[in-house]
Amino acid sequence: MEAYAEHRTEDMHHCHLCERITYKKIPGKEIGEKWICIDCLRRLKEVLDNLEKWEEELALGEEMEEQIEKDLGI
Ligand SMILES: [Zn+2]
């Protein structure tokens, strides 16, 4: 029974992002030392897919800030 429990624990993963405990049957990946479940990986992928657009927006925001500073004569 104890050996079974130990084996079971080995199959269990604790998702680092959503804190959900996943079993072997729930897909996930070990990234570095952290286990990330499929749902969080999907969310991460969405973020990464939008990363370029996001960076453009950030750059645009910085430009606007600079322009405002110029306009204000700072
Ligand atoms: Zn997760």
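Okay, so let's go over this structure. Note that the coordinates shown come from a computational prediction; the quantities given were computed from them, not determined experimentally.

## What to know about the overall build of the chain
Along the chain, the regular secondary structure elements total 3 helices and 4 strands. Reading the chain from its N end, one meets helices and strands in the order α-β-β-β-β-α-α. Every one of the 74 residues in the chain was classed for burial, and the buried ones make up 4%. Counting only contacts in the chain whose residues sit at least 6 apart along the sequence, the fraction spanning at least 24 positions is 3%.

## Observations regarding helix 3 (residues 51–72)
An ideal rise of 1.5 Å per residue puts 32 Å on 22 residues; helix 3 measures up with 31 Å between its terminal C-alpha atoms. Judged by how many residues are buried, helix 3 sits mostly at the surface: 0 of 22 residues are covered. The first or second residue beyond helix 3 is G73, which carries a positive phi of 75 degrees.

## Notes on unusual backbone geometry
A positive phi angle, near 70 degrees, is found at E19, a position not held by glycine. If you trace the backbone, E19 turns up in the loop between strand 1 (13–14) and strand 2 (21–22). According to the C-beta neighbour criterion, E19 is exposed, with 8 such atoms within 10 Å.

## A short note on the pairing of strand 3 (residues 28–31)
By the bridge criterion, 4 bridges tie strand 3 to strand 4 (residues 34–37) in an arrangement that is antiparallel. Across the sheet, the residue bridging to E30 is W35, located in strand 4. Between strand 3 and strand 4, which follow one another and run antiparallel, lie 2 residues, and G32 among them has a positive phi close to 65 degrees.

About the criteria used
- Counting from 1, residues in each chain are numbered in the order their sequence is written.
- The predicted origin of the model limits local features to residues at a pLDDT of at least 70 and limits the giving and counting of side-chain atom pairs to 80 or more, whereas totals for whole chains, interfaces and linings rest on all residues.
- Think of it this way: any DSSP run of H or I at least four residues long counts as a helix, any run of E at least two long counts as a strand, and we number them from the N terminus.
- Partly exposed residues are those falling between the two cut-offs: more than 12 but fewer than 20 other C-beta atoms within 10 Å of their own, whereas 20 or more means buried and 12 or fewer means exposed, with C-beta atoms placed from the backbone.
- Any pair of residues counts as being in contact when their C-beta atoms, constructed from backbone geometry, are within 7 Å of one another.
- Helix span, expected: 1.5 Å multiplied by one less than the number of residues in the helix.
- We call two strands paired when DSSP finds no fewer than two bridges between them.

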